[in-house]
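# Coordinate inspection notes
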Amino acid sequence: MNERDEILSQLRDLELPTVSNTLAPGWWLLLLFVVLFAALAYYLYRRWQSRLWQREAQAELKLIREQLGSEPSIALLSHCSELVRKVVLAVDDREQVAALHGESWIEKLDDICARPEFSQGIGRLLVDHPYQKQPVITSHDLSALFDSVDVLINSAARYKPTYAGGKSTDDVIRSAS
């Protein structure tokens, strides 16, 4: 034998380590992290989507506020009335609120605000002033009305409508399934 064959004969075969069928704990933690991150991202996206109407209402109210000096007060009052109706329709059943007017409309707004923001405050302007030809409304009154509409928008995000018999929306959904 030559020297090369002698050296090669001293080499041993490679021993491969045994491989476990289960993943290492770090991989399980990474998988758990990815699942939790995906669930959190989904939850935040759904929450963001569900509040889209609120962001749009806030933006529309901001535009109405910016027109305070340039538009006639009757036009601003009419825009506020339309915005309030949109907000209520966004959070309550159309059949329940579409036909409301006058005092029942103001009571509904107070119900959403969970306080007498409209029936005992400046919100009473929404009852009949939008329908008058030349209502007397000061810019101070309109500014206060804008604040009340802002309260309504923020309160509507937490509002749970109730139906006949005092049932909430969640109760109606549970009883239907």
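Refer to the structure printed above.
The paragraphs below set out a description of the structure included in this document. Everything numeric in this text was worked out from a predicted model, so none of it was measured.

Criteria and thresholds
- Residues numbered from 1 in each chain as written.
- Predicted model: local features only at pLDDT ≥ 70, side-chain atom pairs only at ≥ 80, totals over all residues.
- Heavy atoms only, no water.
- Helix = DSSP H or I, 4+ residues; strand = E, 2+ residues; numbered from the N terminus.
- Buried < 20%, exposed > 50% of the residue type's maximum accessible area, 1.4 Å probe, protein only.
- Contact = heavy atoms within 4.5 Å.
- Areas by Shrake-Rupley, 256 points an atom, 1.4 Å probe, with all protein chains shown as cover.
- Patch = residues over 30% accessible without salt bridge, like charges linked within 9 Å, V, L, I, M, F, W, Y side chains within 5 Å.
- Salt bridge = Lys/Arg side-chain N within 4 Å of Asp/Glu carboxyl O.
- Axes fitted to C-alpha atoms, helices over the stretch in contact; angles between N-to-C directions.
- Parallel < 35°, antiparallel > 145°, perpendicular 65-115°, else oblique.
- Left-handed = near helix turned anticlockwise from the far one by under 90°.
- Core = buried A, V, L, I, M, F, W, Y, C linked by side-chain atoms within 4.5 Å.
- Expected span 1.5 Å × (residues − 1).
- Arc of directions from axis to C-beta.

## Side note on the overall build of the protein
Of regular secondary structure, the protein possesses nine helices and zero strands. Starting at the N terminus, the α and β elements of the protein follow one another as α-α-α-α-α-α-α-α-α. Going through the 177 residues of the protein one by one, you find that 27% of them count as buried. Here the contacts in the protein between residues at least 6 apart in sequence split such that 60% fall between residues at least 24 apart. In the structure as shown, the protein presents an accessible area of about 12,800 Å², 58% of it carried by carbon and sulfur atoms.

## Regarding a nonpolar patch on the surface
On the surface, Leu 23, Trp 27, Trp 28, Leu 30, Leu 31, Phe 33, Val 34, Val 35 and Phe 37 cluster together into a nonpolar patch covering about 990 Å² of accessible area. Note on placement: Phe 37 falls in helix H2 (residues 25-50). The exposed category is assigned to Phe 37, whose relative accessible area is 54%.

## A word on the packing of helix H6 (residues 102-113) against helix H8 (residues 139-156)
Packed helices, taken two at a time, are described by the angle between their axes plus the distance between the axes. Two elements in contact, H6 and H8, have axes whose closest approach is 8 Å; the angle formed by their N-to-C orientations is 60 degrees. What the angle tells us is that H6 and H8 run oblique. Residues Leu 109, Ile 112 and Cys 113 of H6 pack against Val 151, Leu 152, Ser 155 and Ala 156 of H8.

## A short note on the packing of helix H4 (residues 73-91) against H6
Two elements in contact, H4 and H6, have axes whose closest approach is 11 Å; the angle formed by their N-to-C orientations is 60 degrees. Comparing the axis directions of H4 and H6 gives the class oblique. Crossing of H4 over H6 shows left-handed handedness. Contacts between H4 and H6 involve Val 84, Arg 85, Val 88 and Val 91 on the former and, on the latter, Trp 105, Lys 108, Leu 109 and Ile 112.

## Some remarks on the environment of Cys 113
Secondary-structure assignment places Cys 113 in helix H6. Exposure remark for Cys 113: the relative accessible area of 7% places this residue in the buried category. Taking C-alpha positions, Cys 113 is 6.9 Å from Val 151, a pair spaced 38 residues apart along the chain. Excluding its chain neighbours within four sequence positions, the residues that come into contact with Cys 113 are Phe 118, Val 151, Leu 152 and Ser 155.

## Regarding the pattern of salt bridges
Tallying each qualifying case throughout the model produces five salt bridges. Measuring nitrogen to oxygen at the nearest pair gives 3.3 Å for the salt bridge that ties Lys 86 to Glu 60. Note that Lys 86 is positioned in helix H4 and Glu 60 in helix H3 (residues 52-66), a separation of 26 residues in sequence. A residue is classified by how much of its surface remains accessible, and Glu 60, at 25% relative accessible area, is partly exposed.

## Observations concerning unusual backbone geometry
Negative phi is the rule for most residues except glycine; trans is the rule for most peptide bonds. The phi angle at Ala 114 is positive, at roughly 60 degrees, despite the residue not being glycine. Inspection of the secondary structure puts Ala 114 in the loop between H6 and helix H7 (125-128).

## Comments concerning the nonpolar core
Counting residues in each nonpolar core, the largest one holds 30 residues, and the members touching the most others are Leu 83, Leu 109, Leu 145, Val 149 and Leu 152. The contacts of Leu 152, once residues within four sequence positions are left out, are Val 84, Val 87, Leu 109, Ile 112, Cys 113 and Phe 118.

## Examining H3
Taking 1.5 Å of rise per residue, 15 residues should cover 21 Å, and H3 covers 21 Å from first to last C-alpha, within 8% of that figure. All of the buried residues along H3 are Gln 54, Ala 57, Leu 61 and Ile 64. The arc that holds the buried residues of H3, viewed along the axis, is 80 degrees, so those residues lie on one side. Residues of H3 that are exposed and angled more than 90 degrees away from the buried face: Lys 62, Leu 63 and Glu 66. Structurally, H3 contributes buried residues whose contacts are with H4 and H8.

By themselves, these figures tell us nothing about what the structure is for.
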